[in-house]
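Here is how the chains run, residue by residue.
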Amino acid sequence: MSQLHQRVTALLSEAGYRGDEPLAVGLERRGLPPFSLTRGLTATTPVYAASLSKQMTAACAALLVRQGALDVESPLSSWVPQLPAWSGTISLRHLIHHTAGLPADHKIDAITTGDPDRTSSGIIQALTQFPTPDHPPGTAHVYSNAGYVCLAAAVERAASRPLPDFAQRHLFAPLAMPDTRYWTGPAPAPPGAAPLARPHPAPLSMGDGGVWTTLNDLLRWGQALNADELGISELLQTPGHLDDGTPLDYAWGIGVRAHGAYRVYRHGGGWTGLRNLHARVPELDLTMAVIATNDHTERRVPVINGLLDEVTSSP
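Predicted model, so just to flag it, every value in this text is computed and none were measured. (Residues numbered from 1 in each chain as written. Predicted model: local features only at pLDDT ≥ 70, side-chain atom pairs only at ≥ 80, totals over all residues. Heavy atoms only, no water.)

K.L.:
So what's going on with the pairing of strand E1 (residues 23-29)? Residues and values would help.
P.N.:
With five of seven residues buried, E1 is to be regarded as a mostly interior element. Where E1 meets strand E2 (residues 35-39), five bridges bridge the pair, whose relative direction is antiparallel. Paired with Ala24 across the strands is Thr38, a residue of E2. Adjacent in sequence and paired antiparallel, E1 and E2 are bridged by five residues, among which Gly31 carries a positive phi angle near 90°. (Buried < 20%, exposed > 50% of the residue type's maximum accessible area, 1.4 Å probe, protein only. Helix = DSSP H or I, 4+ residues; strand = E, 2+ residues; numbered from the N terminus. Pairing = 2+ DSSP bridges.)

K.L.:
A description of the nonpolar core should follow, citing residues and the corresponding values.
P.N.:
Residues Leu95, Leu171 and Trp221 are the most contacted members of the largest nonpolar core, which totals 68 residues. Contributions of two or more residues to this core are made by helix H2 (53-66), helix H3 (92-96), helix H5 (120-127), helix H6 (145-159), helix H7 (163-172), helix H8 (215-226) and strand E9 (286-292). With eleven residues, the top contributor of residues to this core is H6. What Trp221 contacts, discounting residues up to four positions off in sequence, is Gln55, Met56, Ala59, Leu171, Leu175, Met177, Leu230 and His278. Ranked by size, the runner-up nonpolar core spans 24 residues in total, among them Leu27, Met288, Ile304 and Val311. (Core = buried A, V, L, I, M, F, W, Y, C linked by side-chain atoms within 4.5 Å. Contact = heavy atoms within 4.5 Å.)

Here is the structure:
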């Protein structure tokens, strides 16, 4: 057993993962063989990406910005005209950095209880029932799944094609991510995917979630962004700010953190019975991910932190 395999096994045990819990852990650093440890899954088993989808939605938006087809300062009302008049005060930039002031997700979920698949159209319809946002746009950072559903709608309108099609053509195919896709149903999951805990199938909304991927593809995604293969990494890694200039530690669908002397871009995803976490350190050409498909905890966090300790302390 390699030293890294021993260390990852120890980190999983220290975090409280049992040997019979399905999970996948991977690490890749340019110039070295990729590493993976899997139990009950494989490195090519499709799993629900949950909120890891946000950075892929943001990447689609960034490509359209680069093409001149999308202006992040344009109002949401230009792209989703069925929303109330308050959407004219919200820019796409607000959506990207979670500063739009949209009604809290739990309020929206209370309205969409009759939409068991939690579709994008259901969420946008729910937003039309709110007379005002929760707070003025640009004044606070409040994480919003609905904001990324709206961003996805804007991407589709700017691209003049469905988000799954645009992402396949401009992200997943060019980057050789064969097992990654936005899934819109009607089945709750793509063929061969790891099942989620019953009775909670993954939602079918796009933008906030919607992507199904694999450990191998997540590592590929991270390394592609580290190498700026899409030509948008600088933009994606640019932290946002409030309208008064207050800086945020959130960029385009990814958190911006420090680990020792290094800048780390990381984001997690979660759904009932699922937890994942993806992190990358461009300066080290490093990407890592943890996926657990029978998890309701935050045990993934110390695993990633331990891996970062291990790699960033190495000479």
